[in-house]
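Inside the fold
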Amino acid sequence: MSYTKSDLENLGTFYRHQLLHDTVPFWFPRSLDEKFGGYLLMRDDHGALIDDDKAVWIQGRAAWLLATLYNTVEPRKEWLYGAKSGIDFLNDHCFDTDGRMFFHVTRAGEPIRKRRYFFSETFAVIANAAYAKASGDEAAAEKARYLFGKCIEYATIPGLLEPKFTGIRPAKGIGIPMILMNTAQQLRETIGDPRCDGLIDQFIKEIDTDFVKDDIRCVMEQVAPDGSIIDHIDGRTLNPGHAIEGAWFILHEAKYRNNDPHLIALGCKMLDYMWARGWDEEFGGIFYFRDVYNRPVQEYWQDMKFWWPHNEVIIATLLAYTLTGNEKYAKWHKMVHDYAYSHFHDAENGEWFGYLHRDGSVSQTAKGNLFKGPFHLPRQEWYCAQLMKEVAGMDQATGIFETKNKSIVI
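Residues numbered from 1 in each chain as written. Predicted model: local features only at pLDDT ≥ 70, side-chain atom pairs only at ≥ 80, totals over all residues. Heavy atoms only, no water.

A few words now on the overall build of the protein. Assigned secondary structure in the protein consists of 13 helices and 16 strands. Relative to the compact-globule value of 22 Å for 410 residues, the protein shows a C-alpha radius of gyration of 20 Å, a close match. The principal-axis extent of the C-alpha atoms belonging to the protein is close to 55 × 55 × 45 Å. Counting all 410 residues of the protein, 58% fall into the buried class. Summed over its atoms, the accessible surface of the protein is roughly 16800 Å², and 52% of this surface lies on carbon and sulfur atoms. Of the side chains in the protein, 46 bear a positive and 57 a negative charge, and the two mean positions are spaced by 2 Å. (Helix = DSSP H or I, 4+ residues; strand = E, 2+ residues; numbered from the N terminus. Rg over C-alpha atoms; globule rule 2.2 N^0.38 Å. Buried < 20%, exposed > 50% of the residue type's maximum accessible area, 1.4 Å probe, protein only. Areas by Shrake-Rupley, 256 points an atom, 1.4 Å probe, with all protein chains shown as cover. Lys, Arg positive; Asp, Glu negative; His and termini not counted. Charge placed at Lys NZ, Arg CZ, Asp CG, Glu CD.)

This is how it looks when you write it as structure tokens:
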């Protein structure tokens, strides 16, 4: 199948409507914590608060979302005000005395838990950068650039955040180059940083060299330091939706670089490999975990359907289609879009349920917790709406969207 011009316009309208009239209103303004700052995001299906603790990841992600909406959709003063609330809470309460960030804090910002990895810091980078662009706050811009530098240190200085003894089976995950690539992309596209292009090249090369396995048509989640497969349960475990998220980061970079053909090929290859591994042919949707050799997976939730992989696959398939014109990607996009919006979306109360059983029935009804909040879903709807807006404006006169490899008749 292919998408007509009308189809693409309708998709853009749909994603924008869902974002602004369904997803964002579920969270805001009621999630703004007017007493302590930041956001109260652990909510049930109706939006009632079920816990007033704060996940630092999602404080940063929500601040990024509000600032990004202000920058790219409409300069609403409530979005800028909300973004500042998150930025202030992060800066005032979420950093330990060693300069590193917490993972989980109380409503008032008292520390509960801290982790060795630095994902809290990456989300603080993109939040500060987006807010700096929105507000013109140079201190926020400097904070973003400083924290980005610290993230690079954490990722590249051996043992800086890891325990001194790593055992006889050291490993590295695809998550580090992925999140640093996307953090660099966000920093570059909001306030700019001369380090970004070279670092993005480095992260893409690492993913391509060490994690993409052409011989078995797979993208590994974890490998040995030399890139070899670790033939043990953890080493064999795949997360198809996560790898496809990495694929669209690379496809986005291809688009940024004037439809770079090498990056299009790499991103599409990653998408192809992991769609084949992840799509559930019987019930639809994306499996959460698979084994690289189709052996049993350790985690009991391996065949569940989580919300966020579907957000990433919706972006990846639509982006792949607009870059290549390959009708396969339009078909896949429609499959995952239709599955997600018919199973995850709560038509009565708005937003999405987070967790489904394999058959598509709802596992539990919370809309927000330590890991789920206003990020993957609104980012998907925002990104796809922006992408369709770009496509619609490519050539209104001829109705042709020229890609590097093929023209899509729109």
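Taking strand neighbours across the sheet as the criterion, the three strands line up as 12-13-14 in an open arrangement whose pairing is antiparallel. Each end of this open sheet is capped by a strand with a single partner; those strands are strand 12 (305–306) and strand 14 (362–364). Direction of pairing for strand 12 relative to strand 13 (residues 355–356): antiparallel, over a ladder of two bridges. What sits directly across from phenylalanine 306, in strand 13, is tyrosine 355. (Pairing = 2+ DSSP bridges.)

When two helices pack together, you describe them by how their axes are tilted relative to each other and by the distance separating the axes. It is at 8 Å that the axes of helix 11 (residues 307–324) and helix 12 (residues 327–343) come closest, and there the two elements cross at 155°. Considering their axes alone, helix 11 and helix 12 lie roughly antiparallel with respect to each other. Between helix 11 and helix 12 lies a crossing whose hand is left-handed. Each of His310, Val313, Ile314, Thr317, Leu318, Ala320, Tyr321 and Thr324 in helix 11 lies in contact with helix 12, whose residues at this interface are Glu327, Tyr329, Ala330, Trp332, His333, Val336, His337, Tyr339, Ala340 and Tyr341. Taken together, the residues of the contact of helix 11 with helix 12 break down into 12 nonpolar, five polar and one charged. (Axes fitted to C-alpha atoms, helices over the stretch in contact; angles between N-to-C directions. Parallel < 35°, antiparallel > 145°, perpendicular 65-115°, else oblique. Left-handed = near helix turned anticlockwise from the far one by under 90°. Contact = heavy atoms within 4.5 Å. Nonpolar A, V, L, I, M, F, W, Y, C, P; charged D, E, K, R; others polar.)

It is worth spelling out the pattern of salt bridges at this point. Close approach of charged atoms allows side chains with opposite charge to pair. Following the criterion strictly, the structure yields 33 salt bridges and no others. Salt-bridge contacts for aspartate 96 lead to lysine 114; the nearest nitrogen and oxygen are separated by 2.8 Å. You can see aspartate 96 sitting in the loop between helix 3 (77–93) and strand 4 (104–105) and its partner lysine 114 sitting in the loop between strand 5 (111–113) and helix 4 (119–135), a full 18 residues away along the chain. You can call aspartate 96 partly exposed: its relative accessible area is 24%. Taking relative accessible area as the criterion, lysine 114 reaches 30% and is therefore assigned partly exposed. It is possible to trace a salt-bridge network through shared partners that takes in Arg188, Glu189, Asp197, Asp201, Glu253 and Arg257. (Salt bridge = Lys/Arg side-chain N within 4 Å of Asp/Glu carboxyl O.)

Between the first and last C-alpha of helix 12 there are 24 Å, a value that for 17 residues agrees with the 24 Å anticipated at 1.5 Å per step. All of the buried residues in helix 12 are Tyr329, Ala330, Trp332, His333, Val336, His337, Tyr339, Ala340 and Tyr341. For helix 12, the secondary structure elements touched by its buried residues are helix 1 (5–27), helix 10 (261–278), strand 12, helix 11, strand 13 and helix 13 (376–392). Capping of helix 12 at its N-terminal end is provided by asparagine 326; its side-chain oxygen lies 2.9 Å from the backbone amide nitrogen of lysine 328. (Expected span 1.5 Å × (residues − 1). Polar contact = N/O pair within 3.5 Å; in protein donor to acceptor, adjacent residues only side chain to side chain.)

Along its 16 residues, helix 7 (residues 196–211) runs 21 Å from first to last C-alpha, staying within 8% of the 22 Å computed at 1.5 Å per residue. Of all the positions in helix 7, only Cys196, Leu199, Ile200, Phe203, Ile204, Ile207, Asp210 and Phe211 are classed as buried. Buried residues in helix 7, looked at end-on, bunch into an arc of 160°, giving them a common side. Along helix 7, the residues that are exposed and aim more than 90 degrees away from the buried face are Lys205 and Thr209. (Arc of directions from axis to C-beta.)

Below, the discussion takes up the packing of helix 11 against helix 13. Running from amino to carboxyl end, helix 11 crosses helix 13 at an angle of 10°, the nearest separation of the two axes being 9 Å. Taken together, helix 11 and helix 13 sit at an angle that is classed as roughly parallel. The way helix 11 lies across helix 13 gives a crossing that is left-handed. Between helix 11 and helix 13, the contacting residues are Trp307, Trp308, Asn311, Glu312, Ile314, Ile315, Leu318, Leu319 and Thr322 on the first element and His376, Leu377, Arg379, Gln380, Tyr383, Cys384, Leu387, Met388 and Val391 on the second. In terms of residue class, the contact of helix 11 with helix 13 is built from 12 nonpolar, four polar and two charged.

For the rest of this paragraph, the subject is the packing of aromatic side chains. What the rule picks out here adds up to 35 aromatic pairs. Aromatic pair tryptophan 57 and tyrosine 117: ring centres 6.2 Å apart, planes at 55°, arrangement tilted. With a gap of 60 residues between them, tryptophan 57 in helix 2 (residues 56–72) and tyrosine 117 in the loop between strand 5 and helix 4 connect regions that are remote in the sequence. Both rings, one in phenylalanine 289 and one in tryptophan 301, keep their centres 6.2 Å apart while their planes meet at 50°; by these two values the pair is tilted. Of this pair, phenylalanine 289 sits in the loop between helix 10 and strand 11 (290–291) while tryptophan 301 sits in the loop between strand 11 and strand 12, and the two are 12 residues apart along the sequence. Judged by relative accessible area, phenylalanine 289 falls into the buried class, the value being 13%. Between the NZ or CZ atom of arginine 188 and the centre of the ring of tyrosine 256, over which it lies, the distance is 3.5 Å. The ring of tryptophan 307 carries lysine 372 above its face, with NZ or CZ at 5.5 Å from the centroid. (Phe/Tyr/Trp six-rings, centres within 6.5 Å; stacked < 30°, edge-to-face > 60°. Lys NZ or Arg CZ within 6 Å of the ring centre and 35° of its normal.)

Averaged over every residue, the pLDDT of the protein is 94; the share at 70 or more is 94%. Predicted confidence for residues 396–400 stays below pLDDT 50, and this span has nine contacts to residues more than four positions away or in other chains. This stretch, residues 403–410, has a pLDDT under 50; its non-local contacts, to residues over four places away or in other chains, come to 39 contacts. (pLDDT = per-residue confidence, 0-100.)

Here we take up the environment of isoleucine 152. Tracing the backbone through its elements, the reader meets isoleucine 152 in helix 5 (residues 138–156). Classification of isoleucine 152 by relative accessible area gives buried; the value is 16%. Isoleucine 152 sits 208 residues away from glycine 360 along the chain, and the two C-alpha atoms are 40 Å apart. In this structure isoleucine 152 touches Leu180, Leu199 and Phe203, once residues within four positions along its chain are discounted.

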